[in-house]
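The residues making up each chain are set out below.
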Amino acid sequence: EVQLVESGGGLVQPGRSMKLSCAASGFTFNNYDMAWVCQAPKKGLEWVATISYDGSSTYYRDSVKGRFTISRDNAKSTLYLQMDSLRSEDTATYYCARQAYGSSDYWGQGVMVTVSS
Amino acid sequence: DIQMTQSPASLSASLGETVTIECRASEDIYNGLAWYQQKPGKSPQLLIYNANSLHTGVPSRFSGSGSGTQYSLKINSLQSEDVASYFCQQYYDYPFTFGSGTKLEIK
């Protein structure tokens, strides 16, 4: 059974950093691209970033370029999202998702990130 | 960036009815389109990929169609468990973009 379990969320002040993790199991992690998708409270879904199966390629939405870094450790089957210079508009639930040829076929339960002083 | 325009924003239908949700892309996305269902308080779940392929375990009353810039999701024989928000997403080109969502309720 595919499982994706996010951790690392919480309350953080504007301008500070936070690192999210996503532990994957139930599939061969290094065969799949992985993504982060966020959802602000009562809002729609927004794709944040994708990393290729081997970590060689990364893609970001414009609003997080230069502030967020997606990475992975295939030996640990874990995906990461390093979020720096956080802003109030980054407040959202962040989902880790497995990408299969582009679509996100499995999602984690999500982790809440609140950016507030 | 490719813009996804989804309609309607909300929908109310009776049990057993057929409903259709539409997404229009700002340019041709060559069937690089997925549909997701998100029930209240839950994570999104994939329903349809490549515009018309049913994801594993998804009931056959869900179907997707379309091409070019116009795509639709049809739900036949609406059931109470279909109450949810539905989102389209293009993955033809980065940055991937979602439609604004359709909230489906039962009359």
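Calculation notes
- Residues numbered from 1 in each chain as written.
- Chains lettered and ligands numbered in written order.
- Predicted model: local features only at pLDDT ≥ 70, side-chain atom pairs only at ≥ 80, totals over all residues.
- Heavy atoms only, no water.
- Helix = DSSP H or I, 4+ residues; strand = E, 2+ residues; numbered from the N terminus.
- Buried < 20%, exposed > 50% of the residue type's maximum accessible area, 1.4 Å probe, protein only.
- Polar contact = N/O pair within 3.5 Å; in protein donor to acceptor, adjacent residues only side chain to side chain.
- Contact = heavy atoms within 4.5 Å.
- Pairing = 2+ DSSP bridges.
- Axes fitted to C-alpha atoms, helices over the stretch in contact; angles between N-to-C directions.
- Salt bridge = Lys/Arg side-chain N within 4 Å of Asp/Glu carboxyl O.
- Buried area = accessible area lost by both parts, 1.4 Å probe.
- Disulfide = S-S within 2.5 Å.

## So, unusual backbone geometry
Residues and elements named next belong to chain B.
- Residue Pro8 is reached from Ser7 by a cis peptide bond, and omega for that bond is -5°.
- The residue Pro8 is located in the loop between strand 1 (4-7) and strand 2 (10-13) in this model.
- In this model, Tyr94 is joined to Pro95 through a cis peptide bond whose omega is 0°.
- Along the polypeptide, Pro95 turns up in the loop between strand 9 (84-90) and strand 10 (97-98).
- If you check the backbone angles, Asn31 has positive phi at about 65° while not being a glycine.
- Mapping Asn31 onto the fold places it in the loop between strand 3 (19-25) and strand 4 (33-38).

## Looking at the side chain of A:Arg67
All names here are of chain A.
- By the secondary structure assignment, Arg67 is in the loop between strand 6 (58-60) and strand 7 (68-73).
- Take Arg67: its relative accessible area is 7%, and that puts it in the buried class.
- Within the local environment of Arg67, its side chain forms a polar contact with the side chain of Asp90, the two groups lying 2.8 Å apart.
- Leave out the neighbours within four places in its chain, and Arg67 touches Gln82, Met83, Asp84, Ser85, Leu86, Arg87 and Asp90.

## Things to note about the sheet that holds strand 8 (residues 70-75) of chain B
All names here are of chain B.
- If you trace the four strands from one edge of the open sheet to the other, you get 1-3-8-7, paired in antiparallel fashion. The sheet is open, and its two borders are formed by strand 1 and strand 7 (62-67), each paired with just one other strand. Averaged over all pairs of adjacent strands, the angle between their axes in this sheet comes to 15°, without regard to strand direction.
- In terms of strand pairing, strand 7 meets strand 8 through six bridges, oriented antiparallel.

## A short note on the pattern of salt bridges
- On inspection of all chains with the given rule, the structure shows six salt bridges over all chains.
- Among the ionic pairs, A:Arg61 bridges to A:Glu46, the shortest N-O distance being 3.7 Å. Of this pair, A:Arg61 sits in the loop between strand 6 and strand 7 while A:Glu46 sits in strand 5 (residues 45-51), placing them 15 residues apart in sequence.
- With a closest N to O distance of 3.1 Å, A:Lys65 and A:Asp62 form a salt bridge.
- Bridged by salt links that share partners, the residues B:Arg61, B:Glu81 and B:Asp82 form one connected network.

## Overview of the sheet that holds strand 1 (residues 3-7) of chain A
All names here are of chain A.
- Across the sheet, which stays open at both edges, the four strands sit in the order 1-3-8-7 with antiparallel pairing between neighbours. Looking at strand neighbours, the two that pair on one side only are strand 1 and strand 7, the edges of this open sheet. Taking the axes of each pair of neighbouring strands and ignoring which way they run, one obtains an average angle of 15° across the sheet.
- Bridge count between strand 7 and strand 8 (residues 78-83): six bridges; the pairing is antiparallel. Paired with Arg72 across the bridge in strand 8 is Leu79.

## With respect to the interface of chain A and chain B
- On the side of chain B, 17 residues touch chain A, which itself brings 21 residues to the contact.
- Looking only at chain A, the three residues that lose the most surface to chain B are A:Leu45, A:Trp47 and A:Trp107, adding up to 37% of its buried area.
- The interface formed by chain A and chain B holds zero salt bridges in total.
- Where chain A meets chain B, there are four residue pairs in polar contact (both at pLDDT 80 or more).
- Elements represented by at least two residues in the side of chain A that touches chain B include exactly strand 4 (33-39), strand 5, strand 9 (92-100) and strand 10 (103-107) of chain A.

## Notes on the state of the cysteines
- Per the stated rule, a full pass over the model turns up two disulfides over all chains.
- Sulfur-sulfur distance for the disulfide between B:Cys23 and B:Cys88 comes to 1.7 Å. Disulfide B:Cys23-B:Cys88: torsion about the S-S bond near -70°, hence left-handed. One end of the pair, B:Cys23, is in strand 3; the other, B:Cys88, is in strand 9, with 65 residues separating them in the sequence. One exposure class covers both B:Cys23 and B:Cys88, and it is buried.
- This cysteine, A:Cys38, is not joined by any disulfide, and A:Cys96 carries the nearest cysteine sulfur, 14 Å off.
- Classification of A:Cys38 by relative accessible area gives buried; the value is 8%.

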